[in-house]
2 protein chains.
Amino acid sequence: MDPRCSIDKFVSLNVGSKTGELVMQSRNAGGNIRFAIRDILLIDRQFGLDEVVVVHHTDCGSLTFTNKGLRDAVKERIDSAHWDEVDKIDWGANTDMAASVKGDLEWLRATPLIRDELKLNARGFLFDIQTGEAEEIKLA
Amino acid sequence: MDPRCSIDKFVSLNVGSKTGELVMQSRNAGGNIRFAIRDILLIDRQFGLDEVVVVHHTDCGSLTFTNKGLRDAVKERIDSAHWDEVDKIDWGANTDMAASVKGDLEWLRATPLIRDELKLNARGFLFDIQTGEAEEIKLA
């Protein structure tokens with residue numbers, strides 16, 4: 001979600017403007033692929049996806065909390081009648097952004113919801129906020 | 001998610017680079033605020049949010065399906081053992097993107113999860129892919 005993480009620094013957002021190809025950006029706090037499953041299935045079915053690319057970035061807000069700590073802090077602001085809705089939220093805390101890219105690639109490989117071609121072609125990157133460089137993260 | 005919808009055409013993504021203010025972008029297919037509730041609560045708690053802005057765009061992919069039609073089409077590609085996971089997905093089909101901005105503002109006003117200041121200050125826009133102009137959509 002962070003505007004300092006600009007994927008247009010390493011991919012062209014209109015890769016094939018002549019052919020109508022576009023880079024769709026699903027962005028959420030932490031960049032977790034779990035929260036983009038609807039987007040991936042929807043876009044692939046309606047328009048066809050060629051490739052899934054997972055990009056997380058350094059200095060990410062998801063490093064600043066634990067799941068339990070954030071859940072309890074959010075509850076403090078909300079009437080207890082609605083705490084069950086807060087309990088359902090997967091907050092996606094991270095402790096290492098390179099590891100979280102790997103975890104997302106592993107999650108993608110394991111999910112039965114996404115077709116094999118997209119799993120096998122998927123790539124992961126860690127975008128460095130300081131340098132503007134993206135490092136590819138590969139599974140062993 | 002569509003790169004043709006560039007919010008940097010009408011807001012500065014680093015509104016206060018001297019003060020550290022940033023415009024965070026939560027992007028999902030259809031731009032529906034329901035799918036951004038985690039992002040809003042998380043960012044507001046960890047960093048403080050000043051304002052929520054809902055932006056949908058013309059020629060949106062969410063106009064190209066019905067919820068039932070997309071659900072059934074996605075199921076065709078997936079082993080029936082996992083159809084229950086597909087049934088849980090809210091596909092967020094739209095039929096009118098100005099109406100969907102209004103619907104999101106109404107949803108925001110009604111949710112007990114977000115604090116009143118953010119609800120009262122929230123603004124909605126429909127971004128026109130053809131002209132690059134954003135029209136503000138207001139509740140009555």
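Since this is a predicted model, take the numbers as computed values, not measurements.

Asker: Help me understand the interface of chain A and chain B in this model?
Answerer: Many authors give the size of an interface as the accessible area that is lost as the parts come together. Tallying the contact residues gives 41 residues for chain A and 41 residues for chain B. Buried surface at the junction of chain A and chain B, summed over both partners, amounts to about 3,700 Å²; 68% is from carbon and sulfur atoms. Sorting the residues of chain A by area buried against chain B places Met1, Pro3 and Arg38 of chain A first, and these three jointly supply 18% of that buried surface. Linking chain A to chain B there are two salt bridges. The partner of aspartate 44 of chain B in a salt bridge is arginine 77 of chain A, and the shortest N-O contact between them spans 2.9 Å. The tally of links from chain A across to chain B stands at 15 residue pairs in polar contact (both at pLDDT 80 or more). Counting residues per element, the ones that place at least two in the side of chain A that touches chain B are helix 1 (37-46), helix 2 (67-76) and helix 3 (83-87) of chain A. Element by element, the count of residues in the side of chain A that touches chain B is highest for helix 1 of chain A, at eight residues. For the side of chain A that touches chain B, the per-class residue count stands at 22 nonpolar, eight polar and eleven charged.

Asker: Even after reading the chapter, I still don't get the environment of glutamate 133 of chain A, so can you show me in this structure?
Answerer: All names here are of chain A. As for its placement among the helices and strands, glutamate 133 is situated in the loop between strand 2 (123-127) and strand 3 (134-137). Looking at glutamate 133, the relative accessible area reads 55%, which means it is exposed. Beyond its immediate sequence surroundings of up to four residues, glutamate 133 is in contact with Leu126, Phe127 and Asp128.

Asker: Hey, could you run me through the relation of the copies chain A and chain B in this one?
Answerer: Two copies of the chain are present, and they differ by a rotation about an axis and a shift along that axis. Note on the copies: chain A fits chain B at an RMSD of 0.0 Å, the axial shift is 0.0 Å, and the rotation between them is 180°. Overall, the copies show the geometry of a two-fold rotation axis. When C-alpha positions in chain A are compared against the rotation axis, the closest is assigned to arginine 27 of chain A, at 2.4 Å. Of the residues that chain A buries at the interface, 100% are likewise interface residues in chain B, meaning the two copies contact each other through the same surface.

Asker: Help me out: how do you make sense of the pairing of strand 3 of chain A in this one?
Answerer: When a strand is regular, its side chains alternate between the sheet's two faces. In this structure, strand 2 of chain A lies alongside strand 3 of chain A, joined through four bridges in antiparallel fashion. Across the sheet, the residue bridging to phenylalanine 127 of chain A is alanine 134 of chain A, located in strand 3 of chain A.

Cut-off values and rules
Residues numbered from 1 in each chain as written. Chains lettered and ligands numbered in written order. Predicted model: local features only at pLDDT ≥ 70, side-chain atom pairs only at ≥ 80, totals over all residues. Heavy atoms only, no water. Contact = heavy atoms within 4.5 Å. Buried area = accessible area lost by both parts, 1.4 Å probe. Salt bridge = Lys/Arg side-chain N within 4 Å of Asp/Glu carboxyl O. Polar contact = N/O pair within 3.5 Å; in protein donor to acceptor, adjacent residues only side chain to side chain. Helix = DSSP H or I, 4+ residues; strand = E, 2+ residues; numbered from the N terminus. Nonpolar A, V, L, I, M, F, W, Y, C, P; charged D, E, K, R; others polar. Buried < 20%, exposed > 50% of the residue type's maximum accessible area, 1.4 Å probe, protein only. Least-squares fit on C-alpha atoms with pLDDT ≥ 70 in both. Pairing = 2+ DSSP bridges.

That's the geometry; what it means functionally is another story.
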